[in-house]
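# Results of the structural survey
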Amino acid sequence: MRVNSVRSTVLIAVLALNSACSSEGAVESADTVAPFATGFPLQADLPVVGRGWPQTLPFYVGEELNSILFESRQAAVVQCMAAKGFQYVPSPYQPNDLASDRVNPLDRRFAEEYGYHSLPIDFTDPNSNADPAFVSALESSGDTPGCAAQSFDETFGPFSEFFDQVDIQLNDFVGSIRGFDVSESGDLLASMWSECMKEGGLSYERPDDPRREFIEAPEVTPQELSVRMADLECDVRVGYTQGRHDWEAERVDEWLRVHEGVVAELSEQYATVEREVLSLRDQ
């Protein structure tokens, strides 16, 4: 199992088992997208940039299918562990890691609340106090697969080839749209943004600088929020994010043109996968 750079297809990091026991054409129509698990709505009528672009692709596997697969896997673990005489408590689905990819730099409500921080993922493993026998039944031992591996094969196995191909294409896609920050237009807009920030008494050369300063802090402080709002105002004023969107959009269009056949094939496969995954909800 791997985590690809855009963490798009199957939330592998969360699905690996949440287990316990192991010790951008842009989409600009709706006002908001589905809320985070905390109920925080994101603004969607903003220029798509960065890791928001994969979600505009027709074969992108989003949160609805991810949640169904996750819950199906948890149900399979419950049944497998029960057959071995153990009571496994299903882990709750945590969409926030995937949802954080959707946060736009111009999302004012999010900036006012979280500054440069990501949305917190509050996960408590309901099986964390399991005994060694429980852990042995859940995890693989030598050549004998445990319930975690068995449940993964049952739920994700039928779609593994599709997910593998999507991962390959998404990694290529994301790589093809990188580079705005070192482009001529990126340098110019960063310089304009920096001058705007200096007018407010803040000395930063590039928009990534304050993010690096604050993102690892243990909590969101008033200072961080003040800098973040100044950053957002300067971004709007000089058109940094809009310029990034325009630069990346050209590369998105080019990638779609070059990979037209692959996109069509994966889109057709996605329709089949979607039907089959949605059917799991009724089982």
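Residues numbered from 1 in each chain as written. Predicted model: local features only at pLDDT ≥ 70, side-chain atom pairs only at ≥ 80, totals over all residues. Heavy atoms only, no water.

### Concerning the overall build of the chain
Condition: Helix and strand labels come from DSSP, where a helix needs a run of H or I of at least four residues and a strand needs a run of E of at least two; each type is numbered from the N terminus. Each residue is assigned to one of three classes by its accessible area relative to the maximum for its type, calculated with a 1.4 Å probe on protein chains only: buried under 20%, partly exposed between the two thresholds, exposed over 50%. Accessibility throughout is a Shrake-Rupley quantity obtained with a 1.4 Å probe, and a residue counts as covered only by protein chains that appear here.
Scanning the chain for helices and strands turns up 12 helices and 2 strands. Counting helices and strands in the order they occur from the N terminus, the chain gives α-β-β-α-α-α-α-α-α-α-α-α-α-α. Each of the 283 residues in the chain was classed as buried or not, and the buried ones make up 46%. Roughly 14200 Å² of accessible area belongs to the chain as shown, and the carbon and sulfur atoms make up 49% of that amount.

### A short note on the side chain of Ser267
Here is the rule: Here a polar contact is taken to be a pair of N or O atoms separated by no more than 3.5 Å, where protein atoms must pair a possible hydrogen donor with a possible acceptor and residues adjacent in sequence count only if both atoms sit in side chains.
Mapped onto the elements of the fold, Ser267 is located in helix α12 (residues 260-280). Polar contacts involving the side chain of Ser267 include one to the main-chain carbonyl oxygen of Val263, which spans 2.6 Å.

### Considerations on the pattern of salt bridges
Spelled out, the test is: Salt bridge, as used here: a side-chain nitrogen of Lys or Arg that lies within 4 Å of a carboxyl oxygen of Asp or Glu.
Scanning all chains against the criterion turns up 10 salt bridges. For Arg251, the salt bridge goes to Glu250, with nearest N and O atoms at 3.9 Å. As a salt-bridge pair, Glu254 and Arg257 come within 2.7 Å of each other at their nearest N and O atoms. Remark: Arg257 and Glu254 occur in helix α11 (residues 240-258); sequence separation between them is 3 residues, near one turn of the helix.

### Comments concerning the confidence of the model for the chain
Note the cut-off: pLDDT measures how confident the predictor is about each residue, on a scale from 0 to 100. A contact between two residues is defined here by any heavy atoms of the two lying within 4.5 Å.
With 83% of its residues at a pLDDT of at least 70, the chain reaches an overall mean of 84. Here residues 1-38 scores under 50 on pLDDT; set against residues more than four positions off or in separate chains, the count is 126 contacts.

### Some thoughts on the nonpolar core
So the rule is basically this: Throughout this description, the term nonpolar core refers to a set of buried Ala, Val, Leu, Ile, Met, Phe, Trp, Tyr and Cys residues connected via side-chain atoms within 4.5 Å.
In this structure, Trp53, Phe59, Phe162, Phe163, Phe173 and Val277 are the most contacted members of the largest nonpolar core, which totals 27 residues. For this core, the secondary structure elements donating two or more residues are α2 (63-83), α7 (160-176), α11 and α12. Top element by residues in this core is α7. It accounts for 6 residues. When residues no more than four places from it in sequence are discounted, the contact partners of Phe162 are Phe59, Val61, Leu266, Gln269, Tyr270 and Val273. In this structure, Leu189, Ala190, Trp193 and Tyr240 belong to the second largest nonpolar core, which totals 14 residues.

### Here we look at the state of the cysteines
As used here, a disulfide is simply a covalent bond connecting the sulfur atoms of two cysteines. The line we're drawing: Any pair of cysteine sulfurs within 2.5 Å is marked as a disulfide.
Within the structure shown, the criterion is met by 2 disulfides. Put simply, Cys80 and Cys147 are joined by a disulfide, and their sulfur atoms are 2.0 Å apart. Taking the sign of the torsion about the S-S bond as the criterion, the disulfide between Cys80 and Cys147, at about -75°, is left-handed. In this pair, Cys80 sits in helix α2 while Cys147 sits in helix α6 (residues 147-155), placing the two residues 67 residues apart along the sequence. There is no split in this pair, since Cys80 and Cys147 are both buried. Counting only the cysteines that take part in disulfides, in the order they occur along the chain, gives the pairing 1-2, 3-4.

### Overview of helix α8 (residues 184-199)
Three or four residues apart is the spacing at which side chains of an α-helix point the same way, because the helix has 3.6 residues per turn. The cut-off we apply is this: Any helix carries an expected span of 1.5 Å times its number of residues minus one. What the arc measures is the spread of directions leading from the helix axis to the C-beta atoms.
Helix length check: α8 (16 residues) gives 23 Å between terminal C-alpha atoms against 22 Å at 1.5 Å per residue, within 8%. Along α8, the residues that are buried comprise Gly186, Leu189, Ala190, Trp193, Ser194, Cys196 and Met197. Down the axis of α8, the sector holding all buried residues measures 160°, keeping them to one side. In α8, those exposed residues whose orientation departs by more than 90 degrees from the buried face are Glu184, Leu188 and Glu199. A positive backbone phi angle near 80° is found at Gly201, which sits one or two residues after α8.

### Here's the deal with the packing of aromatic side chains
Note the threshold: Between 30 and 60 degrees the pair is tilted, below 30 it is stacked and above 60 it is edge-to-face, where a pair is any two Phe, Tyr or Trp rings, Trp via its six-membered ring, whose centres lie within 6.5 Å. Only Lys NZ and Arg CZ are tested; either one counts as a charge over a ring when it is within 6 Å of the ring centre and within 35 degrees of the ring normal.
Overall, the coordinates contain 12 aromatic pairs when judged by the stated rule. Between Phe162 and Phe163, the aromatic rings sit 5.9 Å apart at their centres with planes inclined by 50°, giving tilted as the arrangement. Each of the two residues, Phe162 as well as Phe163, counts as buried. Grouped by ring-pair contacts, the aromatic residues Phe152, Phe156, Phe159, Phe162 and Phe163 constitute a single cluster. Seen from the ring of Trp247, Arg251 lies directly overhead, with NZ or CZ sitting 3.6 Å from the centre.

### With respect to the side chain of Gln169
Relative to the helices and strands, Gln169 is located in helix α7. If sequence neighbours within four positions are ignored, Gln169 has contacts with Phe59, Trp255, His259, Val262 and Leu266.

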